[in-house]
Amino acid sequence: MIKNERALRHELVVEAARRMMMAARTAPKGKGIDVIEIVLVDDRDDLEKLAEAMRRKSEASGMKFLLRDADNILQGDALLLIGTRPGKKGLNCRYCGFLCDEKPDETPCAINSIDVGIAVGSACSLAADLRVDTRVMFSAGWTAADMGWLDGCSQIIAIALSASSKNPFFDRKPREEQAQNGK
């Protein structure tokens, strides 16, 4: 049997994403308490729904980088979302600005935020080892949170994934610049 890599590319990126989910899960967590959630978005229709929601969010907020990022996620094959469930670690470290008992519910625990960052770094490190291109995107995670894709989670960070001859997440230009340059 002969199989062309181009025909398998999406499947290979999704397999890498699954391995990245494991890397994120096994990343160290503050006090050993696991409060992160991870989902894989690999269906084209779902990626298009997210991109469209990002475009609407751009229109409502005036934040033009959302337009560029919406176009950019559609250039990839999949997206990982990593977020944190709210909670207090009970350290009273004041990293969030409060003692745990005084912390308002809407203020995220800084240790949980750090846990998300470590998980994202671990996942992206594995992607580099697998030669899969990634882009960490606050914008796509922020929009996915609004869409309820990680129910009960906040501080969601997205990792866009691609395997192509040129990394689509590199040399990105704001959307207005693309229009002026005829792209």
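Preceding this section is the structure that the text describes.
Presented here is a report on the structure given in the accompanying data block. (Residues numbered from 1 in each chain as written. Predicted model: local features only at pLDDT ≥ 70, side-chain atom pairs only at ≥ 80, totals over all residues. Heavy atoms only, no water.)

## Brief notes about the packing of aromatic side chains
Argument step 1. Counting across every chain of the model gives 1 aromatic pair.
Argument step 2. Ring plane angle 20° and centroid distance 5.1 Å describe the contact between Phe-138 and Trp-142, whose orientation is recorded as stacked. Linking Phe-138 with Trp-142, this pair stays in helix α5 (residues 138-146), spanning 4 residues, or about one helical turn.
Argument step 3. For Phe-138, a relative accessible area of 46% translates into the label partly exposed.
Argument step 4. Judged by relative accessible area, Trp-142 falls into the partly exposed class, the value being 27%.
Argument step 5. Above the plane of the ring of Trp-142 lies Lys-57, whose end atom (NZ or CZ) is 3.9 Å from the centre. (Phe/Tyr/Trp six-rings, centres within 6.5 Å; stacked < 30°, edge-to-face > 60°. Helix = DSSP H or I, 4+ residues; strand = E, 2+ residues; numbered from the N terminus. Buried < 20%, exposed > 50% of the residue type's maximum accessible area, 1.4 Å probe, protein only. Lys NZ or Arg CZ within 6 Å of the ring centre and 35° of its normal.)

## A short note on helix α2 (residues 44-61)
Argument step 1. For α2, which comprises 18 residues, the first-to-last C-alpha distance of 25 Å matches the rise-based estimate of 26 Å (1.5 Å per residue) to within 8%.
Argument step 2. All of the buried residues along α2 are Leu-47, Leu-50, Ala-51, Ala-53, Met-54, Lys-57 and Ser-58. End-on, the buried residues of α2 take up no more than an arc of 160°, which puts them together on one face. Looking at α2, the residues exposed on the side facing more than 90 degrees away from the buried face are Arg-56, Glu-59 and Ala-60.
Argument step 3. A distance of 3.1 Å separates the backbone nitrogen of Asp-45 from a side-chain oxygen at the start of α2, and that oxygen is part of Asp-43. (Expected span 1.5 Å × (residues − 1). Arc of directions from axis to C-beta. Polar contact = N/O pair within 3.5 Å; in protein donor to acceptor, adjacent residues only side chain to side chain.)

## What about α5?
Argument step 1. Within the span of α5, buried status applies to Ser-139, Ala-140, Gly-141, Thr-143 and Ala-144.
Argument step 2. Remark: Gly-148 follows α5 within two positions and exhibits a positive phi of approximately 75°.

## Brief notes about the pattern of salt bridges
Opposite charge on two side chains permits pairing when their charged atoms draw close.
Argument step 1. Applying the stated rule across the entire model yields 11 salt bridges.
Argument step 2. A salt bridge links Arg-18 to Glu-15; the shortest N-O distance between them is 3.9 Å. Of this pair, Arg-18 and Glu-15 both sit in helix α1 (residues 5-26), 3 residues apart, which is roughly one turn of the helix.
Argument step 3. Residue classification places Glu-15 among the partly exposed residues on the basis of a relative accessible area of 39%. (Salt bridge = Lys/Arg side-chain N within 4 Å of Asp/Glu carboxyl O.)

## Structural notes on the nonpolar core
Argument step 1. Judged by nonpolar contacts, the single largest core of 22 residues is most densely connected at Met-20, Ile-82, Ile-159 and Leu-161.
Argument step 2. Among the secondary structure elements, those contributing two or more residues to this core are α1, β1 (36-41), β2 (78-84), α4 (110-129) and β4 (154-162).
Argument step 3. Element by element, the count of residues in this core is highest for α4, at 7 residues.
Argument step 4. Counting 19 residues, the second largest nonpolar core, distinct from the first, contains Leu-50, Leu-66, Leu-79 and Phe-169. (Core = buried A, V, L, I, M, F, W, Y, C linked by side-chain atoms within 4.5 Å.)

## A few points about unusual backbone geometry
Argument step 1. The residue Lys-31 is not glycine, and still its phi comes out positive at about 60°.
Argument step 2. Examined against the element boundaries, Lys-31 turns out to sit in the loop between α1 and β1.
Argument step 3. For Lys-31, a relative accessible area of 52% puts it in the exposed group.

## What about a nonpolar patch on the surface?
Argument step 1. Side chains of Met-63, Phe-65 and Phe-138 sit close together on the surface and give an oily, nonpolar patch of about 260 Å² of accessible area.
Argument step 2. For Met-63, a relative accessible area of 33% puts it in the partly exposed group. (Patch = residues over 30% accessible without salt bridge, like charges linked within 9 Å, V, L, I, M, F, W, Y side chains within 5 Å. Areas by Shrake-Rupley, 256 points an atom, 1.4 Å probe, with all protein chains shown as cover.)

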